[in-house]
Amino acid sequence: MKINIKRSLQLAFIVIVIIVILFPIYWMVQSSFKEKGEIMEVTFYPHKFTTSHYGAMATGDWARAITNSVGISLLNTVICLLAAFPAAYAFTRFRFKADTHLFFWFIVNRLAPPAAFLVPFFIIFLSTGLYDTILAVVLAHSLFNVPLGIWILSGFMSDIPTEVDEAAFIDGHSRLSFFRRILLPLMRPAIGVTAFFLWMFSWTEMLLASAVTRNIAFPLTVQLLVTRGSLMYGVLWGEAAAAGVISMIPGIILLIFVRRYITRGFVLGRI
Amino acid sequence: MKTKTWMFLLPALALLAITAFIPFIVVFNYSFHSLIAGKEATFVGFNQYARALTDPRFMASMGRGLGFCALILAIEIPLGLAIAKFIPKRGKLAAIAFVLISLPLVVPWVTGGLMWRLMLRSGGVVPVLLSNVGINFSIEHPTQLFLAVVVVDAWHWVPLVALIFTAGYAAMPKEPIQAAKIDGASNWRIFRHIELHALKFPLLMAVLIRFMDSFRIFDEPYIIAGDGPYHCVEFLSTNVYGTTLGAFNFGYGAACSLIYFFLALAIVFVLIMIITRGRGVLGR
């Protein structure tokens, strides 16, 4: 019976955590259905239900922002995975003199103060004609996503023993065929998990994206910023809430998909 | 390094050359100049750095930022670890709990900031509920605002820490734990000596990512309160953004950013050395 009490307390803890986490999300969901005036009030459900904010999502800047965000995050995930995968292979399979140092320098890119990079990014992208394009945001985000991709992929890859590589080569595989037929299938869960994190950090980032876009390629996060006025009633709270709800959907789908990979036990075993 | 190694690292290095290396050189260069938009740049040596280090507002931001990071790590790491340890791992509840707890991660930071602002402002649901229990919460109060931002950050990022540790627990070999139990070890000793040891690299990843991200935090404090009464929530990013970019003073801004960068770099290095006991990030 002692064990049961302890387990119940642990579960109660988890339930409390879930409640606290869900509360702002619940607030956002219910605000998205409230009339503009009612959003300001403390009511726990919409007294006057409206879907007008969602209607606004389908038009003009909002719709463009949503499609931009999808394009940016997808492209960024693909590009960063393509760059990170071979790098992770190099770090886990080849021992070279500078490997720990280089890995450290990759990770540390995340410390780059975003505010400081706004001006250089502006200059670089403007002079290469990439300013205000999806590619600009994709490149900007790869600053912190490529290192993260390498970090996570290395963790998974180091759990695959090098004997697998050796056996494949003995069997006559070329390196390319080894990649395609053996390594990639083994790394599929890893790629899924990495893709989730890459996608998530790109989807939710605002500062760098706002620095390199203006009227065309801005993602949802920047569009939301535009709605933030200095007057309480100036902010389009309803639209912001609706945008928030919509922006959760791809993430939830990815979460459900990736969950079993994370909890299945591959991972982060060593790096 | 062999050619083969270079080839595998090339795509990543190329991307980072454009997005990190070159801008870094530009910023480094700016920091030694007096560069105000619209005027000529003049070389001033270390003046900008001296100016930053003697500016009380800058130093206050730095101290505040570091204190914020320390508080964040002290709260989020243990909490995330506890969640990963106690969350149901099998059965229907497991999937639901996992997805629900991870929800804050997929909300754009701006939205999170806006919703919290809606909830925290005077007349919002949080002060109203708190006053019902006798607590007078006001977003105008500097300390309360600071703590509120800490809570918002914890709400947002504890799930990430929990995710990392969940993966760590899943990868943990169970035999040592079973053996220890047979030998009669208490749960606490098992946790302290076996589990924590196996979680070393997830711990490293969680600590580093949270430190790096909370040091540079921008969206949520900015949206909730600008930099707050008496700059109480002005940290690195908001400080650089406001005092330097706001005035188009790029030279000074560059120097400020680089001071922050090198400070954080040193801290990250120390953290890595402590957690991996001197072996470095790759554990070799």
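Preceding block: the structure.
Overview of the structure. Values in this document were obtained by computation on a predicted structure and should not be read as measured data.

A word on the overall build of chain B
1) Next: For chain B, the count of helices and strands is 13 helices and two strands.
2) Next: Structurally, chain B occupies a C-alpha span of about 75 × 65 × 30 Å along its principal axes.
3) Next: The proportion of buried residues among the 284 residues of chain B is 55%.
4) Next: Once local pairs closer than 6 in sequence are excluded, the contacts in chain B between residues at least 24 apart make up 71%.
5) Next: Accessible surface, chain B as shown: approximately 12,100 Å² in total, 68% of it carbon and sulfur.
6) Next: Averaging the positions of the 22 positive and the 13 negative side-chain charges in chain B gives two centres separated by 11 Å.

Points about the packing of aromatic side chains
1) Next: In this structure the tally under the stated criterion is 42 aromatic pairs over all chains.
2) Next: Ring geometry for A:Trp199 against A:Trp203: centres 4.9 Å apart, planes inclined by 20°, an arrangement best described as stacked. Note that A:Trp199 and A:Trp203 are positioned in helix α10 (residues 188-203) at a spacing of four residues, about one turn of the helix.
3) Next: Sitting over the face of the ring of A:Trp27, A:Lys34 holds its NZ or CZ atom 5.0 Å from the ring centroid.
4) Next: We note B:Lys89 situated over the ring of B:Tyr169; from NZ or CZ to the ring centre the distance is 5.7 Å.

Some remarks on a nonpolar patch on the surface
1) Next: Where nonpolar side chains cluster on the molecular surface, the patch consists of A:Tyr26, A:Phe44, A:Tyr45 and B:Leu129 and spans about 400 Å² of accessible area.
2) Next: Along the polypeptide, A:Tyr45 turns up in the loop between α2 (36-39) and α3 (52-57).

Some points on the nonpolar core
1) Next: Of all hydrophobic cores here, the largest spans 197 residues; its most connected members are A:Phe91, A:Ile150, A:Trp151, A:Met187, B:Leu120, B:Phe211 and B:Val268.
2) Next: At 18 residues, helix α7 (residues 142-171) of chain B tops the list of elements feeding residues into this core.

Cut-offs applied
- Residues numbered from 1 in each chain as written.
- Chains lettered and ligands numbered in written order.
- Predicted model: local features only at pLDDT ≥ 70, side-chain atom pairs only at ≥ 80, totals over all residues.
- Heavy atoms only, no water.
- Helix = DSSP H or I, 4+ residues; strand = E, 2+ residues; numbered from the N terminus.
- Buried < 20%, exposed > 50% of the residue type's maximum accessible area, 1.4 Å probe, protein only.
- Contact = heavy atoms within 4.5 Å.
- Areas by Shrake-Rupley, 256 points an atom, 1.4 Å probe, with all protein chains shown as cover.
- Lys, Arg positive; Asp, Glu negative; His and termini not counted.
- Charge placed at Lys NZ, Arg CZ, Asp CG, Glu CD.
- Phe/Tyr/Trp six-rings, centres within 6.5 Å; stacked < 30°, edge-to-face > 60°.
- Lys NZ or Arg CZ within 6 Å of the ring centre and 35° of its normal.
- Patch = residues over 30% accessible without salt bridge, like charges linked within 9 Å, V, L, I, M, F, W, Y side chains within 5 Å.
- Salt bridge = Lys/Arg side-chain N within 4 Å of Asp/Glu carboxyl O.
- Core = buried A, V, L, I, M, F, W, Y, C linked by side-chain atoms within 4.5 Å.

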